[in-house]
Amino acid sequence: MSAEPLAPATGDSPDDAAGREPHSPAEAESGGATAESGGAGAGSTSGGSGSGGSVWAGLRPLVLRLHFYAGVLVAPFLLVAAVTGLLYAGSFQAEKLVYAHELRVPVGDRELPISEQVAAARKAHPEGEISAVRPSPEDGATTRVLLSGVKGVDPDHTLAVFVDPYTGKVRGALEQYGSTGALPLRTWIDEFHRDLHLGQTGRLYSELAASWLWVIALGGVVLWLSRRRKRRTLRAVALPDRAATGRKRTMSFHGAVGLWVALGLLFLSATGLTWSTYAGANVEDLRTALGQTTPTVSATVGGGEHAGHHMGSGSMPGMDMGGTGEAAGHSADVGLDTVLAAARAKDLDNPVEIVPPVEPGSAYVVSQIQRSWPEKQDSVAVDPATGEVTDVQRFADYPVLAKLTRWGIDLHTGNLFGLVNQIALAALALALILLIVWGYRMWWQRGRASAFGRPIPRGAWRRVPLYVLVPLAAATAVIGYYLPLLGIPLGTFLAVDIVAGEIARRRGAAPTA
């Protein structure tokens, strides 16, 4: 489940979702929340046999309260993420249609040398500097010459000049972003999903959503499975009850659909956090400490001080792209054709990107850029003076966590398995939207369809045995430290809840928080 604010039913049967609304705070405290445990009262062991049932009878109201409030408060952020994620899942195919003229050309008899294609691009667009070249990856696809420092183009983006590889004709130029080569439509949707076009501040919304999604999903699964414990048939757990009515019917769809998509939501939460602002930095620190960072090919040649390469940000001002020549302090340059041939000799087939030397003493870097399965991420460094390969980095040699991170991000973004991947992501996004709507509908129906139902009463933590509560609190603190947009809101809510409870107690209007 995800952003579903789940309200408790109070009937004696765990399958009675209609339940009656508690009419007083005392009734809510003693019966409203605890009936979710199959009619067990606070501290009761009737929720199951032995100590396991007693622990769950105590934990269930706490999980329910967390699930309810997290759903109510975080659901708006998750809804935005789900809607924008749904749009992003469809942006890959939309991009192919909208920019078909720039992306595709009639297949010719023979491709021109890459140096001639770059020369044609520079003739049409002499502005800026060449930061990378992406030769035509397949028959009928255009070559992209990427220019940085172009006036009017976002500094984090490049201007992609599209060249017909068979005729050298320039088909157009569009702003491009990221390693997947997103064009304006997909870039706009991507940034909308990531930060609502609010910059770094806007990224907090998506990190908040990802930080809480796994908590709400796991809580929902546990609540749903425990609710159905007396009806052990697979159908009762995995399929909605179409014969039910009212709130029971809504909960049936909410629970069954949530169960089906729970693993997918957990995956989106985990992978989304890997490149978030704060949690992502913690993940990167952990990978560094474990020696699991993504390796890069060394671009140092001729005793230069430059190590590594800067993907997509190099420049080759004035460089002769076809053969020997001197420019910007570089010695004789063998040119793009020789560099590409050297990379091909090391089994770097399409698609590839050629990044020029970023400074004297550094090499060309040719990298495979296929993010679909099977991944192609090999890279080589080529000495611009001799055309010899000076370093090779194979994806097969990446550390395990580096590979998992790469695969996880590409699966999250819809690249790894192409159209099938994108359809699956769209289905997950749509399911999340429905879960949120059903969650709020249940809350409304709990209030007799005239107002939202009352919140889950306080004091649920008191039912949890101390030997469970202490390690649970410690684990929550550790997780909250590494996921600050989970820990800070949770701590804030607890502080406000405690103060509100104390005020209510002093006024004699509610039990102690």
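To be clear, the structure that these remarks concern was listed above.
Residues numbered from 1 in each chain as written. Predicted model: local features only at pLDDT ≥ 70, side-chain atom pairs only at ≥ 80, totals over all residues. Heavy atoms only, no water.

Colleague: Would you explain helix α9 (residues 278-289) in this entry?
Modeller: Because each turn of an α-helix spans 3.6 residues, side chains separated by three or four positions in sequence point in the same direction. Between the first and last C-alpha of α9 there are 17 Å, a value that for 12 residues agrees with the 16 Å anticipated at 1.5 Å per step. Every buried residue belonging to α9 is among Ala-279, Gly-280 and Arg-287, and all of these are buried. On an axial view of α9, the arc spanned by its buried residues comes to 100 degrees, and they lie on one face. Facing away from the buried side of α9 by over 90 degrees, the exposed positions are Asp-285 and Ala-289. (Helix = DSSP H or I, 4+ residues; strand = E, 2+ residues; numbered from the N terminus. Expected span 1.5 Å × (residues − 1). Buried < 20%, exposed > 50% of the residue type's maximum accessible area, 1.4 Å probe, protein only. Arc of directions from axis to C-beta.)

Colleague: Is there a simple way to explain the environment of Gly-71 in this structure?
Modeller: Within the secondary structure, Gly-71 sits in helix α2 (residues 50-98). The spatial distance from the C-alpha of Gly-71 to the C-alpha of Gly-220 is 9.8 Å, given a sequence separation of 149 residues.

Colleague: I would appreciate a short explanation of the nonpolar core in the present structure.
Modeller: The tendency in soluble globular proteins is for nonpolar side chains to be buried as a group. Judged by nonpolar contacts, the single largest core of 34 residues is most densely connected at Leu-78, Trp-212, Ile-216, Val-261, Leu-265 and Leu-432. Among the elements that line this core, the one with the most residues is helix α6 (residues 203-227), at nine residues. Counting residues in each nonpolar core, the second largest holds 25 residues, with Val-145, Val-339, Ala-343 and Tyr-364 among its members. (Core = buried A, V, L, I, M, F, W, Y, C linked by side-chain atoms within 4.5 Å.)

Colleague: Looking at this structure, I do not really get the packing of aromatic side chains. What am I missing?
Modeller: One pass over the structure, following the stated rule, counts 12 aromatic pairs. Ring geometry for Phe-68 versus Tyr-69: centroids 5.2 Å apart, planes at 85 degrees, classification edge-to-face. Their ring planes at 70 degrees and their centres at 6.0 Å tell us that Phe-395 and Trp-407 sit as a pair that is edge-to-face. With a gap of 12 residues between them, Phe-395 in the loop between β8 (389-393) and α11 (400-412) and Trp-407 in helix α11 connect regions that are remote in the sequence. For Phe-395, a relative accessible area of 8% gives the class buried. Given a relative accessible area of 25%, Trp-407 falls into the partly exposed group. In this structure an aromatic cluster arises from ring pairing among Phe-68, Tyr-69, Tyr-440, Trp-443 and Phe-493. (Phe/Tyr/Trp six-rings, centres within 6.5 Å; stacked < 30°, edge-to-face > 60°.)

Colleague: I'm lost on helix α13 (residues 466-482) in this one. Help?
Modeller: Between its first and last C-alpha atoms α13 spans 25 Å; for 17 residues at 1.5 Å apiece the expected length is 24 Å, and the two agree. Turning to α13, its buried residues number three or more, namely Val-468, Leu-469 and Gly-480. Looking straight down α13, one finds that the buried residues subtend no more than 90 degrees of arc, so they occupy a single side. Structural note: α13 exposes Tyr-467 and Tyr-481 on the side pointing more than 90 degrees away from its buried face.

Colleague: I tried to follow unusual backbone geometry on my own but got confused; where do I start?
Modeller: Along the chain, Asn-350 connects to Pro-351 via a cis peptide bond; the corresponding omega equals -5 degrees. You can see Pro-351 is positioned in the loop between α10 (336-345) and β5 (352-355). Following Trp-373, the chain continues into Pro-374 via a peptide bond in cis, with omega recorded as -5 degrees. Within the secondary structure, Pro-374 is located in the loop between β6 (364-368) and β7 (379-382). Its identity as a non-glycine residue notwithstanding, Leu-196 has a phi of 60 degrees, on the positive side. For Leu-196, the position within the fold is in the loop between α5 (184-195) and α6. For Asp-347, which is not a glycine, the phi torsion comes out positive at approximately 70 degrees. Along the chain, the position of Asp-347 falls in the loop between α10 and β5. For Asp-347, a relative accessible area of 59% corresponds to the exposed category.

Colleague: I'm lost on the packing of α13 against helix α14 (residues 484-507) in this one. Help?
Modeller: Helix packing geometry: the angle between the two helix axes and the distance between the axes. It is at 5 Å that the axes of α13 and α14 come closest, and there the two elements cross at 125 degrees. In terms of their interaxial angle, α13 and α14 are classed as oblique. The segment α13 lies against α14, with Thr-476, Ile-479, Gly-480, Tyr-481 and Tyr-482 engaging Pro-484, Leu-486, Gly-487 and Leu-490. Of the residues assigned to the contact of α13 with α14, the class counts are six nonpolar, three polar and no charged. (Axes fitted to C-alpha atoms, helices over the stretch in contact; angles between N-to-C directions. Parallel < 35°, antiparallel > 145°, perpendicular 65-115°, else oblique. Contact = heavy atoms within 4.5 Å. Nonpolar A, V, L, I, M, F, W, Y, C, P; charged D, E, K, R; others polar.)

Colleague: Please clarify how the environment of Thr-143 should be interpreted in this entry.
Modeller: Along the chain, Thr-143 falls in strand β2 (residues 143-148). You can call Thr-143 buried: its relative accessible area is 0%. Sequence-wise, Thr-143 and Arg-171 are 28 residues apart; in three dimensions their C-alpha atoms are separated by 9.8 Å. Not counting residues up to four positions away in its chain, the partners in contact with Thr-143 are Ile-114, Gln-117, Val-133, Arg-134, Pro-135, Ser-136, Val-161, Phe-162, Val-163 and Pro-165. Side chain to side chain, Thr-143 and Gln-117 meet in a polar contact 2.5 Å long. (Polar contact = N/O pair within 3.5 Å; in protein donor to acceptor, adjacent residues only side chain to side chain.)

Colleague: Looking at this structure, how should I read the side chain of Lys-403?
Modeller: Within the secondary structure layout, Lys-403 lies in helix α11. Despite its burial, Lys-403 remains without a salt bridge, the nearest opposite charge being carried by Asp-397 at 6.9 Å. Not counting the four nearest positions on each side in its chain, Lys-403 is found in contact with Phe-395, Ala-396 and Tyr-398. (Lys, Arg positive; Asp, Glu negative; His and termini not counted. Salt bridge = Lys/Arg side-chain N within 4 Å of Asp/Glu carboxyl O.)

Colleague: What is the right way to look at the pairing of β5 in this model?
Modeller: The two faces of the sheet receive side chains in turn, since in a regular strand these alternate between them. Every second residue of β5 is oriented toward a common face, with Val-352 and Ile-354 on one face and Glu-353 and Val-355 on the other, all of them buried. Looking at chain direction, β5 and β6 are connected through four bridges and run antiparallel. Of the residues in β6, the one forming a bridge with Ile-354 is Val-366. (Pairing = 2+ DSSP bridges.)

Colleague: Explain the packing of α6 against helix α8 (residues 246-274) here, please?
Modeller: Put simply, α6 and α8 touch, their axes get as near as 8 Å, and they point 145 degrees apart. In terms of crossing hand, the pair formed by α6 and α8 is left-handed. Where α6 approaches α8, its residues Glu-207, Ala-210, Ser-211, Leu-213, Trp-214, Ala-217, Leu-218, Val-221, Trp-224, Leu-225 and Arg-227 are matched on the opposing element by Met-251, Ser-252, Gly-255, Ala-256, Leu-259, Ala-262, Leu-265, Leu-266, Ser-269, Gly-272 and Leu-273. Partitioned by chemical class, the residues of the contact of α6 with α8 number 15 nonpolar, five polar and two charged. (Left-handed = near helix turned anticlockwise from the far one by under 90°.)

Colleague: Please explain the pattern of salt bridges as it appears in this structure.
Modeller: When the charged atoms of two side chains with opposite charge come close together, those side chains can pair. Applying the stated rule across the entire model yields 10 salt bridges. Salt bridges sharing common partners tie together Arg-371, Arg-406 and Asp-410.

Colleague: Quick question: what am I supposed to make of the pairing of β7 here?
Modeller: Residues Ser-379 and Ala-381 point to one face of β7 and Val-380 and Val-382 to the other, with burial holding for every one of them. As judged from the four bridges shared by β7 and β8, these two strands associate in the antiparallel manner. Among the inter-strand pairings, Ala-381 is bridged to a residue of β8, identified as Asp-391. Connecting β7 to the antiparallel partner β8 that follows it, the hairpin turn spans six residues, and Gly-387 within it adopts a positive phi of roughly 80 degrees.

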